[in-house]
Amino acid sequence: MPKIKVFSGRANITLAQKICDKLGIELGKASIQDFADGEIKIKIEENVRGIDVFVVQPTLPPAENLLELLLMIDALKRASAERITAVIPYYGYARQDRKDEPRVPISAKLIADLIVTAGALRVLTVDLHAEQIQGFFNIPVDHLYATPVLVDYFSKSDLSNLSVVAPDTGRANRARGFAKRLGDNIPIAVIDKRRPGPNEAEVVTVIGDVAGKDLLIFDDIIDTGNTLIAAAKALKSHGAKKIIACATHPVFSKNSVSKLEASSITEVTVTDTILLAPEKQSKKITVLSVAGLLAEAISRIHKGESVSSLFI
Ligand code: R5P
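The rules behind the values
Residues numbered from 1 in each chain as written. Predicted model: local features only at pLDDT ≥ 70, side-chain atom pairs only at ≥ 80, totals over all residues. Heavy atoms only, no water. Helix = DSSP H or I, 4+ residues; strand = E, 2+ residues; numbered from the N terminus. Buried < 20%, exposed > 50% of the residue type's maximum accessible area, 1.4 Å probe, protein only. Lys, Arg positive; Asp, Glu negative; His and termini not counted. Salt bridge = Lys/Arg side-chain N within 4 Å of Asp/Glu carboxyl O. Polar contact = N/O pair within 3.5 Å; in protein donor to acceptor, adjacent residues only side chain to side chain. Phe/Tyr/Trp six-rings, centres within 6.5 Å; stacked < 30°, edge-to-face > 60°. Lys NZ or Arg CZ within 6 Å of the ring centre and 35° of its normal.

For the rest of this paragraph, the subject is the side chain of K284. With respect to the helices and strands, the residue K284 is situated in the loop between strand 13 (265–271) and strand 14 (285–288). For the buried K284, which has no salt bridge, the nearest side chain bearing the opposite charge is E261, at an N-O separation of 7.6 Å. Within the structure, the side chain of K284 is placed 3.0 Å from the backbone oxygen of L260, a separation counted as a polar contact.

What the rule picks out here adds up to 3 aromatic pairs. Relative to F154, the ring of Y153 has its centre 5.0 Å away and its plane inclined at 80 degrees; by these criteria the two rings are edge-to-face. According to the relative accessible area criterion, Y153 is partly exposed, its value standing at 27%. For F154, a relative accessible area of 3% puts it in the buried group. Between F178 and F218, the ring centres sit 4.1 Å apart and the planes meet at 5 degrees, which makes this aromatic pair stacked. Residue F178 is located in helix 5 (residues 172–182), and its partner F218 is located in strand 11 (residues 214–222); the two are separated by 40 residues in the primary sequence. Each member of the pair, F178 together with F218, is buried. The lysine or arginine in question, R171, covers the ring of F218, its NZ or CZ lying 4.3 Å from the ring centre.

The quantities given are spatial measurements derived from coordinates; they are silent on function.
In structure tokens form, the structure reads like this:
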């Protein structure tokens, strides 16, 4: 069996290092630098001929993160790696995933094409914004959910008065599954959200009984925080007792963290698919690691074992 090596782009070396620690291997050596004009220069600093290689890089903005992943894959391919798996803990450019109005790109498909063209033979990712993005790749995609990590964390708290809230109707199924895994008879509520413009969020209706309840809003991404803040306002006005929130991907753009700090949400739990910059850290924010989940998946993919038990 070919040997395994894990390399990392610069977007989340901390996560890549944690994955390597779990696997009991050294992080692969690569030099990644910027030319004076900002272009990226890459060199893989160790032999990868005949090796099963995994490259960890979330593709959040800036677009250089995506480009860095593509360049690393290209370098590894030209260095004769046996198989290259793109490990993309957060798959960016996922929100335009269909042509639902004239003259728009299907960005998520274009990004998939770029990754395959660069030379990836598999993709391992976490909580895609939409499940159908898997089908944009003509190579195998292992799509994990952060649910086991979140369930493990929240099941240690008092769940006696808890309801799980889906912040939009598209999230209702996942919220139902999450509530079921948290415990028997945990109800869900669903918010009917509208987007009057990009990044704007407006609550039309709250479906379900939330008065006097402790509520856990369950989302995939926190970007501007507007979805959570609009949800929290509506839930409070419907009599919610306590509101906490969780999401897999802490994009946290612009002043989202200070807006969340000023909101009635008392705790926000996220994962480390995206590295939290020091200025985005807050007492309200708890970060859980998906390193164990990804390391387990990498190990099973390498050994040709089933990963389906991780897909919950
Ligand atoms: C739905 O569009 C997504 O699941 C998230 O709710 C959304 O991306 C969060 O974005 P923001 O924090 O900007 O409202």
